[in-house]
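Chain by chain, the residues run as shown.
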Amino acid sequence: MPLINTKIVNNDLYIGFWKITEDSSVLFDMLFPYLDETEVEQFQCLTHERRKCEWLASRILIFNLLGKYQRVYYNQYGKPFIEEDYNISITHSYDMAGVLLSRRKTVGLDVEKMNLRILKVENKLLEQTELNELKDDNKIQSLYVNWCAKEAMYKACGIREIDIKSNFRLEYFDYKDQGEVYGFITKGDYRRKILIHYSTFEEYMIAWCAE
């Protein structure tokens, strides 16, 4: 069942989410007429039901957003791309899949299902100075904004061998259910400032950027 299928910013930026309530056989039947032999073989190599559903749902989303099927390829760093002249970012978390597409901009998208387990890894995500800035009444949500925003920046920047804790940082922000925050990437001589959009949807946190 498609949840969000929205065209944004003058026909250039497309973002969509799919809540996976179907099993992989149902999703496969929806996509099968468009898959070539190589893609069918790729799908058949997947062994976990959840991974099969993610693989299929992301491609169905691309089809819905662009109005035609596009095969997904991956470069040597594992970054996805399609033959059409679009930059693309794909994300999954539990039963949610998401896709962000843009012709003119570099994009990054991340979605995460929120739960208390993030408290066990907060020191792997943030420096102590960042943790000190979080307020107790919305600490969980603020941690997820940081996590999703940093993942979105990572996907957008295309740099490997980079640390999400030490090379990424968000400016101070007062948490809201929907908002914007600037993120900074610093590694050696590389410097980049990126505007991150974030929002909650049901129990999920979503963050995306397009620069």
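Remember, it's a predicted structure, so these values are computed and weren't measured experimentally. By convention here, each chain's residues receive numbers from 1 onward along its written sequence. Where totals are concerned, whole chains, interfaces and linings use all residues; where local detail is concerned, this predicted model gives features only for residues with pLDDT of at least 70, and gives and counts side-chain atom pairs only at 80 or more. Computation of side-chain values: all heavy atoms of the structure, hydrogens and water removed.

## Digging into helix α1 (residues 24-31)
Accessible area is worked out with a 1.4 Å probe on protein chains only. A residue is then buried under 20% of its type maximum, exposed over 50%, and partly exposed in between. Put simply, DSSP marks the helices as runs of H or I at least four residues long and the strands as runs of E at least two long, and each gets a number from the N terminus on. Within α1, burial applies to Ser24, Leu27, Phe28 and Leu31. One side of α1 holds all its buried residues, which, seen down the axis, span an arc of 100°. In this structure, the buried residues of α1 make contact with β2 (13-19), α2 (37-44) and α3 (49-66). Arc definition: directions from the helix axis to the C-beta atoms. Any pair of residues with heavy atoms lying within 4.5 Å of one another is described as a contacting pair.

## Topic: the pattern of salt bridges
If the charged atoms of two oppositely charged side chains come close together, the side chains can form a pair. The salt bridge criterion pairs a side-chain nitrogen of Lys or Arg with a carboxyl oxygen of Asp or Glu, the two atoms within 4 Å. The tally for this structure, following the rule as stated, stands at 13 salt bridges. Where Arg51 meets Glu54, a salt bridge forms, and the shortest distance between an N and an O atom there is 3.9 Å. Here Arg51 and its partner Glu54 are both found in helix α3, 3 residues apart, which amounts to about one turn of the helix. The exposure class of Glu54 is buried, given its relative accessible area of 10%. The closest approach of N and O atoms between Asp110 and Lys155, which form a salt bridge, is 3.6 Å. Of this pair, Asp110 sits in strand β7 (residues 107-113) while Lys155 sits in helix α6 (residues 139-157), and the two are 45 residues apart along the sequence. Its relative accessible area of 3% is what places Asp110 among the buried residues. A single network of salt bridges, built from pairs that share partners, joins Glu130, Glu133, Lys150 and Arg169.

## Focus on α2
Turning to α2, its buried residues number three or more, namely Glu39, Val40 and Phe43. Angular distribution of buried residues about the axis of α2 spans 100°; they occupy a single face of the element. Across α2 from its buried face, at more than 90 degrees, point the exposed residues Glu37 and Gln44. Of the surrounding secondary structure, the elements contacted by the buried residues of α2 are α1, α3 and β3 (72-74). Under the rule applied, a polar contact is a pair of N or O atoms within 3.5 Å (in protein, one hydrogen donor and one hydrogen acceptor; residues adjacent in sequence only if both atoms are side-chain atoms). The opening residue of α2 is Asp36, an N-cap whose side-chain oxygen sits 3.1 Å from the backbone nitrogen of Thr38.

## Points about the packing of aromatic side chains
Each Phe, Tyr or Trp ring (for Trp, its six-membered ring) is paired with any other whose centre lies within 6.5 Å, and the angle between the two planes then decides the class: stacked below 30 degrees, edge-to-face above 60, tilted in between. This model, assessed by the stated rule, comprises 10 aromatic pairs. With a centroid separation of 5.7 Å and 45° between ring planes, the pair formed by Phe43 and Trp55 is classed as tilted. Here the residue Phe43 occupies a position in helix α2, and Trp55 occupies one in helix α3, the gap between them amounting to 12 residues. On the accessibility criterion, Phe43 (9% relative accessible area) is buried. Site record: aromatic cluster; members linked through ring pairs are Phe28, Phe32, Phe43 and Trp55. We count a charge as sitting over a ring when the NZ of a lysine or the CZ of an arginine lies within 6 Å of the ring centre and within 35 degrees of the ring normal. We note Arg50 situated over the ring of Tyr94; from NZ or CZ to the ring centre the distance is 5.2 Å. The cationic tip of Lys193 hangs over the ring face of Tyr182; the distance from NZ or CZ to the ring centre is 4.4 Å.

## Section: unusual backbone geometry
Its identity as a non-glycine residue notwithstanding, Tyr94 has a phi of 50°, on the positive side. With respect to the helices and strands, Tyr94 occurs in the loop between β5 (87-93) and β6 (96-102). Judged by relative accessible area, which is 33%, Tyr94 ranks as partly exposed. The backbone of Glu202 sits at a positive phi, close to 50°, despite the residue not being glycine. For Glu202, the position within the fold is in the loop between β10 (190-201) and β11 (204-210).

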